[in-house]
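# What the coordinates show
Here is what each chain is made of, one letter per residue.
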Amino acid sequence: MTPEKPKEFYPDKMPFDAYSKTGLSAEEVELKRQRYGSNEIPEKKVSSIRKFLGYFWGPIPWMIEAAAALSVVIQHWEDFAIIFTLLIVNAIVGFWQEHKADNAIELLKKRLAPKARVLRDSKWGEIPAKELVPGDIVRVRLGDVVPADVKLMNGDYLLLDESALTGESLPAEKRVSDIAYSGSIVRQGEMNAYVVATGVSSYFGKTTKLVEEAKTGSHFQKAVIKIGDYLIALAAIMVSTIFIVALFRQVPILEILQFALVLIVAAIPVALPAVLTVTMAIGAIALAKKEAIVSKLVSIEEMAGVDVLCSDKTGTITKNELAIGEAETFGEFKIDDTLLWGTLASREENHDPIDDAIIAKARTMKKVTDVLGEYEVVDFKPFDPVSKKSEATVKSTDGKQFKVLKGAPQVVLSIMPDKEEIESRVNETVNAFAGKGYRALGVAKTDARGKWQYIGLLGIYDPPRDDSAETIKTAQKMGVNVKMVTGDHIAIAKEVSREVNLGANILSASSFVDKTDSESRGLIENADGFAQVFPEHKYRIVQLLQEKGHIVGMTGDGVNDAPALKKADAGIAVSGATDAAKSAADVVLTKPGLSVIIDAIKESRKIFQRMNNYSIYRIAETIRVLIFLTLSIIVFDFYPLTAVMIVILALLNDVPIMMIAYDNVKIQEKPVRWNMRDVLVVASLLGVTGVFASFFLFLIGMQVLNLDMATLQTLIFLKMTVGGHMTIYLARTGVHHFWERPLPAKILFFTAESTQIVGTLIAVYGVFMAPLGWGLAGLVWGYALLSFMVTDVLKIRFFRLRKHNGVKFNR
């Protein structure tokens, strides 16, 4: 149902005439802000207290709470204290990490906040759109997202895309006195408008949000959640087996139930949501420092997997600045003459791109700069788009006057007295320049008798950025196929492609636009770039590449690029993009150039690798603990860990797990995609090896050292603690030895070693368990280090064997 228009803000006659030339004063703005509030739709925020209490609610907290309650029933007060501590620590760690992630996301939202051009105190300026108040005069134009509900004041018309608000696909035409709604996108036109409603008081009460929350699930997050489901299922099977065996052995049911609940809690990846969110958020901050702002956190995974990057030419591969490429002279004139007279026919203060290019080139020529001071421009006619030339009257130091001009080659030719004689030469040069992607500019001068002379032609082009060729080479080494996309002529595209070593297979849009999808797929996949492309062609290019199985990144800046940016796996709004392009993109660049995109891909691969490492570690650790405990209970009728030990072990494991988000990782050479097979194989290898190592130490303690049951349990606890933390170093290095670079981040190493020391002190002095003593603790440490190195060797041997058999691991 369409909401009613607030009568206060939508009267038939608006009193905007008083403000149309001056805008609101600072005092009026403040009064209106106090009355109407901010031009923001307040998000539904949960208080910090409710967030913290939320960590005591849900299936996992309920199991911990049930285990604590059972400890009270069977009067195991030490167990109750430790389990309750686990509950509190999990809540504190989870709350702290979520708070940190929320702050990171809020920072990104501020960086992406839309701006509005507003008239205040007789001056036009740009302010954050959220600071608008009713009564402000704003300017809206092509590509803008309308910042508030506004009544159009002057101008011809606006064509607005209101599909995000109304679902209507056809654009709506708006004229003077019509209302343009907040969140609609300007497709055509430019008008001044009067703000009539802001924030929650706007017509729909909701603006188009440029930043999505981190809760949207990506393919990678879904895969990791599947890992969580797998671990829960494994825990359920093992615990059920223990439960049935214990019942047959007539163990008190409450004690079995308490142990089972604690074991499930230890096996379930409680830290999973926090690790996911924090790793993404920390990665997003790192990307922002590299001038790439992530508008959707989950897009980081897609960036890591991009194998085809469709990049704009202008401003991304090139500088978006004109420069002089070549010069051709006629008669006895030299290149210095062409630049000298071309410079005198230019004016620096006009900041015309062509004038700036000629002046910049002239300054590099000493012969030109040495004589430039001998001439004075006494009259200047700037470039006229109708006559297509600029002209100047120049006076030399000896008092002689003459004229110089520059302009379109044919225009300059038309005023030459000898045009028939030089016409073929001019046309040949223009065509030769065009073949190299240059636009030709003619330069002429009058002689002593006032007769025009054609000095020569300057070839003007937009040169590649200094780092483009090297960046493209880096991208190709990383497995990213860069395809240039431009609306320019195919000759220009080929020349730029040649200069940056992209390849010569440049297709014009006409070569595939009329072909069927099956015919076009191969052409587009094999092309090095595309020329004479319109925005609607970009969408089809992305679609056909995706159908070939590629993960596609697409850059864009205009309002018409939005569909292609939305369609791409990683839509990238380049520096200076319109609000509409930013709102559709996954990543918004704040610095021009291709290198920013490649930096973003590198950073995304780092983040992906950290997530991968966490997944391997979590599965390996669960296999190690669950299978060892289950087999010990079934085969030996021995509980190698008490419920309290399992809880302490879970607490000690949680701390270094959180630090994986900060770890140093090797950037993968090729695009990364989620590979469950690799993860399960590596994790199973580490986990099963850990089970054998634990059983061997268990037999040594029981058969060789003849330890009593309580001391043997402490021995196993310390082995699980020390060995489990060492597994982190094995999981993070994949197919490489643990000592190979990159070494662990200092914060990860410090927390892992600190928790190992804490676990050792607990075991040595018998906190909530039988004391082990320093001698046996030293034995456990030596054994753990030995098994750690043996596992590392077995891991490398295993990978080499698999590689020899033709199985490739992406690590």
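Below or above, wherever it landed, is the structure these notes cover. Bear in mind that the values here come from a model prediction, so they are computed numbers and not experimental data. (Residues numbered from 1 in each chain as written. Predicted model: local features only at pLDDT ≥ 70, side-chain atom pairs only at ≥ 80, totals over all residues. Heavy atoms only, no water.)

### Observations regarding the overall build of the protein
Across its full length, the protein carries 27 helices and 22 strands. Taking all 811 residues of the protein together, 53% fall into the buried category. Pairs at least 24 apart in sequence give 73% of the contacts found in the protein among residues at least 6 apart. (Helix = DSSP H or I, 4+ residues; strand = E, 2+ residues; numbered from the N terminus. Buried < 20%, exposed > 50% of the residue type's maximum accessible area, 1.4 Å probe, protein only. Contact = heavy atoms within 4.5 Å.)

### Section: the sheet that holds strand 21 (residues 570-573)
Strand order in the open sheet made by the eight strands is 9-22-21-20-10-17-19-18, with mixed pairing throughout. In the strand order of this sheet, the two ends are held by strand 9 (292-294) and strand 18 (506-508), each with one partner. Each strand of the sheet is rotated relative to its neighbour by a mean of 20 degrees, with strand direction disregarded. Across five bridges, strand 10 (residues 308-312) lies against strand 17 (residues 481-485) in parallel orientation. Bridge pairing in strand 17 links Ser-311 to Met-484. Strands strand 17, strand 18 and strand 19 (529-531) of the sheet are contacted by helix 17 (residues 490-499), whose axis makes an angle of about 165 degrees with strand 18. (Pairing = 2+ DSSP bridges. Axes fitted to C-alpha atoms, helices over the stretch in contact; angles between N-to-C directions.)

### Section: the pairing of strand 10
Within strand 10, five of the five residues are buried, leaving the element largely enclosed by the surrounding structure. Of the two faces of strand 10, the one carrying Val-308, Cys-310 and Asp-312 and the one carrying Leu-309 and Ser-311 are both buried. Across three bridges, the pairing between strand 10 and strand 20 (residues 552-556) is parallel. Bridge pairing in strand 20 places Val-308 opposite Val-552.

### Description of unusual backbone geometry
You will see that Asn-501, though not glycine, has its phi angle at about 60 degrees, which is positive. Among the residues examined, Asn-501 registers a relative accessible area of 57% and is labelled exposed. Even without glycine at this site, Asn-706 takes up a positive phi of about 50 degrees.

### A look at the nonpolar core
Leu-263, Leu-641, Leu-715, Phe-717 and Leu-772 are the most contacted members of the largest nonpolar core, which totals 75 residues. Mapped by element, the contributors of at least two residues to this core are helix 6 (219-248), helix 7 (253-267), helix 22 (594-636), helix 23 (643-659), helix 24 (676-704), helix 25 (709-731), helix 26 (746-765) and helix 27 (773-804). Leave out the neighbours within four places in its chain, and Phe-717 touches Leu-641, Met-645, Ile-648, Leu-649, Leu-652, Gly-759, Ile-762, Ala-763 and Met-769. Membership of the second largest hydrophobic core comes to 35 residues, among which are Ile-472, Val-587, Leu-589 and Ile-597. (Core = buried A, V, L, I, M, F, W, Y, C linked by side-chain atoms within 4.5 Å.)

### A few points about the pattern of salt bridges
For the structure on display, the rule yields 24 salt bridges. Glu-326 is paired through a salt bridge with Lys-436; the nearest N and O atoms lie 2.8 Å apart. Of this pair, Glu-326 sits in strand 11 (residues 323-329) while Lys-436 sits in the loop between helix 15 (419-435) and strand 15 (439-446); the two residues are 110 residues apart in sequence, bridging distant segments of the chain. Under the relative-accessibility criterion, Lys-436 is labelled partly exposed at 33%. Linking Glu-603 and Lys-606 is a salt bridge whose minimum nitrogen-to-oxygen distance equals 4.0 Å. (Salt bridge = Lys/Arg side-chain N within 4 Å of Asp/Glu carboxyl O.)

### Points about the side chain of Lys-795
Structurally, Lys-795 is set in helix 27. Not counting residues up to four positions away in its chain, the partners in contact with Lys-795 are Leu-685, Leu-686, Leu-730, Thr-733, Gly-734 and His-736.

### Remarks on a nonpolar patch on the surface
Together, Ile-757, Leu-761, Tyr-765, Val-767, Phe-768 and Trp-774 make up an exposed nonpolar region whose accessible area comes to about 610 Å². Among the elements that line the nonpolar patch, the one with the most residues is helix 26, at three residues. Mapping Tyr-765 onto the fold places it in helix 26. Under the relative-accessibility criterion, Tyr-765 is labelled exposed at 54%. (Patch = residues over 30% accessible without salt bridge, like charges linked within 9 Å, V, L, I, M, F, W, Y side chains within 5 Å. Areas by Shrake-Rupley, 256 points an atom, 1.4 Å probe, with all protein chains shown as cover.)

### Quick notes on helix 23
For helix 23, with 17 residues, the first-to-last C-alpha span of 26 Å sits near the 24 Å given by 1.5 Å per residue. The element helix 23 is largely enclosed, with a buried count of 16 among its 17 residues. (Expected span 1.5 Å × (residues − 1).)

### Considerations on the packing of aromatic side chains
Per the stated rule, a full pass over the model turns up 19 aromatic pairs. Each ring, one from Trp-341 and one from Phe-402, has its centre 5.4 Å from the other, and the planes form 85 degrees; the classification is edge-to-face. On the criterion of sequence distance, the pair formed by Trp-341 in helix 11 (residues 335-344) and Phe-402 in strand 14 (residues 401-407) is long-range, its members being 61 residues apart. Like Phe-402, Trp-341 is buried. Ring centres of Phe-696 and Tyr-783 lie 6.3 Å apart, and the angle between their planes is 20 degrees; this geometry places the pair in the stacked category. (Phe/Tyr/Trp six-rings, centres within 6.5 Å; stacked < 30°, edge-to-face > 60°.)

### Regarding the environment of Lys-366
You can see Lys-366 is positioned in helix 13 (residues 366-372). Among the residues examined, Lys-366 registers a relative accessible area of 61% and is labelled exposed. As for Lys-366 and Asp-336, which are separated by 30 residues in sequence, their C-alpha atoms are 9.3 Å apart.

Shape is all these values report; function is a separate question.
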